[in-house]
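# Observations on the model geometry
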Amino acid sequence: MKNKLLVFILILIGAVAGFFILSFHSKSSADNYPVPFSHYVHTTVHKIKCVNCHRGVETRELAGIPNIDYCSMCHSTLINSKSEREKIIYQLVKENKPIQWKVYYQVPDYVFFSHRRHVKLGKLECTDCHVDMTKQDSPDLKGFSQIIMPLCFNCHQRKNITTDCGDCHH
Amino acid sequence: MPRYGMIIDLNKCNQCEACITACKLENNVQIVSKENADMGRAMFWMNMLTISYTRNYPDIRSESLPMLCMQCDEPPCIKVCPVRATYKRDDGIVAQIYPQCIGCRYCMANCPYTVKVFNWFKDEQPVENEKTCNPDVSVRPKGVVEKCTFCIHRLQKAKEQAKAEHRKLREEDYVPACAEVCAAQAIHFGDLDDPNSNVSKAMHDYRKFTLQEELGTKPKVYYLSAKTE
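Description of the structure in this document. The structure displayed is predicted, hence computed values, not measured ones.

## With respect to the packing of aromatic side chains
Counted by the stated rule, this structure contains seven aromatic pairs over all chains. Relative to Y174 of chain B, the ring of Y4 of chain B has its centre 5.0 Å away and its plane inclined at 90°; by these criteria the two rings are edge-to-face. On the criterion of sequence distance, the pair formed by Y4 of chain B in strand β1 (residues 4-9) and Y174 of chain B in the loop between α5 (152-164) and α6 (177-181) is long-range, its members being 170 residues apart. For Y174 of chain B, a relative accessible area of 2% translates into the label buried. Taken together, a centroid distance of 5.6 Å and an interplanar angle of 25° make the contact between F209 of chain B and Y223 of chain B stacked. One end of the pair, F209 of chain B, is in strand β9 (residues 208-209); the other, Y223 of chain B, is in strand β10 (residues 221-224), and 14 residues separate them in sequence. You can call Y223 of chain B buried: its relative accessible area is 0%. Grouping aromatic residues by their ring pairs yields a cluster made of Y4, F150, Y174 and F189 of chain B. Across from the ring centre of Y70 of chain A, 3.9 Å away, lies the NZ or CZ of R55 of chain A, which sits over that ring.

Right, here's the structure in full:
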């Protein structure tokens, strides 16, 4: 009797775990952001360049994520009053409430990566390291391209750029 | 390729210890508690070494020496590192790669100048200090050895800036924190191979000496002795 109960509990735990794992995987990519933000609409439909919002790309180490003030430059009025998505951001702009963006691309704190060094001086494209965001709403976590050291090394060795440890780890 | 080196003029040095404070802040060097410091676990990348005291009590004067990693040309520390966590770069700087270090402390034992320090504890800095951390330097985890790297992160920044402005790296672009902060301008820093650099000019002084020359480590940190006669 006891064994049967144990087996039943184990099956139950397995089912619950399976449900959670599956539900995580089937999450639509728009859920990866705190607001229903679409990279596709901004970059492909409205032809906004990456640098226009991620303004640190060519001048600083961090690319930066725009705050709500920056969104308000376009979203202070309703552009398309039928869009449900736009109403949410319009409301946030009105309340001047900051958006808690999630950061998916992050290097560990013992790695020093400068966007300016790579994009402005090294003439790299965003898509060399990041997923092509002009085709999707938000980074897809399943096909998420990870920033790992072989990725850096591939490029640095091919282009004959320093591979000295101390240049990136200090 | 430059060969970076340093000269410390002990005649000019007034032992204010500004360089030590600057180094500690610039490189996020851990501040350890008093009990641990008493056990000899205080952490300094640059320290003031008291050599002797002269005169008697009310007028007592100390003779000190700012001591940092000597950035040897023949570093004894890299010869014993089993994982190549410490190595000599092409520009002469002896760097330490913290993620690679396994904390065996062979390098500390083999360093004749005892300038390498070990992280005995997890970072104990007060919460307020987190905001003053330098984002260009990593906070070292517990169990790794660390040392002065001539503020190598400043070199990277200077190189980047020079490239953005389409010019060569100038001498004043890259200066370590200790040399920058020295009020008495006792610390000269620059390329030893460049005959026009400040360092090369200061090298011609007859007072020049290095520590423990007989060991053949060829340090790139030189001192100018305080003797006047």
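## Considerations on the interface of chain A and chain B
Across the contact, 14 residues belong to chain A and 19 residues belong to chain B. Carbon and sulfur atoms supply 51% of the area that chain A and chain B bury against each other, a total of about 1,600 Å² over both sides. The largest per-residue losses of area from chain A upon contact with chain B belong to R116, L121 and H170 of chain A, which jointly make up 36% of the total buried on that side. Our enumeration of links across chain A and chain B arrives at five salt bridges. Among the ionic pairs, E160 of chain B bridges to R117 of chain A, the shortest N-O distance being 2.8 Å. Seen at the junction of chain A and chain B, the total is twelve residue pairs in polar contact (both at pLDDT 80 or more). Counting only elements with at least two residues in the side of chain A that touches chain B, the list comes to α6 (115-121) and α8 (165-168) of chain A.

Procedures and definitions
Residues numbered from 1 in each chain as written. Chains lettered and ligands numbered in written order. Predicted model: local features only at pLDDT ≥ 70, side-chain atom pairs only at ≥ 80, totals over all residues. Heavy atoms only, no water. Phe/Tyr/Trp six-rings, centres within 6.5 Å; stacked < 30°, edge-to-face > 60°. Helix = DSSP H or I, 4+ residues; strand = E, 2+ residues; numbered from the N terminus. Buried < 20%, exposed > 50% of the residue type's maximum accessible area, 1.4 Å probe, protein only. Lys NZ or Arg CZ within 6 Å of the ring centre and 35° of its normal. Contact = heavy atoms within 4.5 Å. Buried area = accessible area lost by both parts, 1.4 Å probe. Salt bridge = Lys/Arg side-chain N within 4 Å of Asp/Glu carboxyl O. Polar contact = N/O pair within 3.5 Å; in protein donor to acceptor, adjacent residues only side chain to side chain.

Everything listed here is a matter of coordinates, which is why it stays silent on function.
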